[in-house]
Amino acid sequence: MLPEPPIVIPGVAGFARGDVPDPPATDDGNAWVDGFCRLHCGQQWTRVLWIGPAHVAGAQAPMYACGPCIRELQERVWRSIPFNDEPSCPAQPAPQGREPRPAGLQRGRCGR
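Residues numbered from 1 in each chain as written. Predicted model: local features only at pLDDT ≥ 70, side-chain atom pairs only at ≥ 80, totals over all residues. Heavy atoms only, no water.

Trainee: Explain a nonpolar patch on the surface to me, please; I cannot follow it from the model alone.
Mentor: Judged by side-chain polarity, Ile51, Leu73, Val77 and Ile81 come together as a nonpolar surface patch covering roughly 280 Å² of accessible area. On the secondary structure map, isoleucine 81 appears in the segment after helix H2 (67-80). For isoleucine 81, a relative accessible area of 41% corresponds to the partly exposed category. (Patch = residues over 30% accessible without salt bridge, like charges linked within 9 Å, V, L, I, M, F, W, Y side chains within 5 Å. Areas by Shrake-Rupley, 256 points an atom, 1.4 Å probe, with all protein chains shown as cover. Salt bridge = Lys/Arg side-chain N within 4 Å of Asp/Glu carboxyl O. Helix = DSSP H or I, 4+ residues; strand = E, 2+ residues; numbered from the N terminus. Buried < 20%, exposed > 50% of the residue type's maximum accessible area, 1.4 Å probe, protein only.)

Right, dumping it as structure tokens:
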């Protein structure tokens, strides 16, 4: 019996070699539409691509972005992956009526 060839996912394989996949472009066959960009550029009427839903304060809205904003977002995402870039502790509100402790006086791993 012959061994099965390994499954190769181009974006992941390229990333393992230090490459980053190309971001979407308006002529790439994706479902680009005319609309407002909801990311960095400030809602310019242009060609946009649906990038997923956004969740804020219990509400959800479809998110569309233009090519330049998608490139910027993709760059930030790929840059964060090697660092497992996420908060290590949940944000804690300051107790009512007291000033938060200075950074040098934090207790424990998460400052509690």
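Alright, that's what it looks like, and here's the rest.
Trainee: For this particular structure, what's the right way to read the packing of aromatic side chains?
Mentor: Geometry of an aromatic ring pair is reported as the spacing of the ring centres plus the angle between the planes. Applying the stated criterion across every chain yields a total of one aromatic pair. Taking 5.1 Å as the distance between ring centres and 80° as the angle between the ring planes, the aromatic pair formed by phenylalanine 36 and tryptophan 45 counts as edge-to-face. (Phe/Tyr/Trp six-rings, centres within 6.5 Å; stacked < 30°, edge-to-face > 60°.)

Trainee: Can you help me understand the pattern of salt bridges in this one?
Mentor: Should their charged atoms come close, side chains of opposite charge can pair. With the rule as written, the count across this model stands at three salt bridges. Put simply, arginine 47 and aspartate 34 hold a salt bridge, and the shortest N to O gap is 3.1 Å. Highlighted residues: arginine 47 in strand S2 (residues 45-56) and aspartate 34 in strand S1 (residues 33-36), separated in sequence by 13 residues. For arginine 47, a relative accessible area of 35% gives the class partly exposed.

Trainee: Would you take a moment to explain the nonpolar core for this structure?
Mentor: Note on soluble globular proteins: their nonpolar side chains tend to be buried together. Judged by nonpolar contacts, Trp32, Cys37, Val48, Leu49, Ala65, Cys66, Cys69 and Ile70 together constitute the single largest core of eight residues. Residue contacts for leucine 49: discarding those within four places in its chain leaves Pro24, Asn30, Ala31, Trp32, Met63, Tyr64, Ala65 and Ile70. (Core = buried A, V, L, I, M, F, W, Y, C linked by side-chain atoms within 4.5 Å. Contact = heavy atoms within 4.5 Å.)

Trainee: For this particular structure, what's the right way to read H2?
Mentor: Since one α-helical turn is 3.6 residues long, residues separated by three or four positions face the same way. The terminal C-alpha atoms of H2 lie 20 Å apart, and with 14 residues this matches the ideal 20 Å at 1.5 Å per residue to within 8%. All of the buried residues along H2 are Gly67, Cys69, Ile70, Gln74 and Trp78. Buried residues of H2, viewed axially, fall in a sector of 160°; they line one side. (Expected span 1.5 Å × (residues − 1). Arc of directions from axis to C-beta.)

Trainee: Explain the sheet that holds S2 here, please?
Mentor: The sheet built from three strands is open, its strands ordered S1-S2-S3 with antiparallel pairing. Edge strands, defined here as strands with exactly one partner in the open sheet, are S1 and strand S3 (59-65). Across the sheet, the mean angle separating the axes of adjacent strands is 45° when strand polarity is ignored. With seven bridges connecting them, S2 and S3 associate as antiparallel partners. Across the sheet, residue histidine 55 finds its bridge partner in S3, namely glutamine 60. (Pairing = 2+ DSSP bridges. Axes fitted to C-alpha atoms, helices over the stretch in contact; angles between N-to-C directions.)

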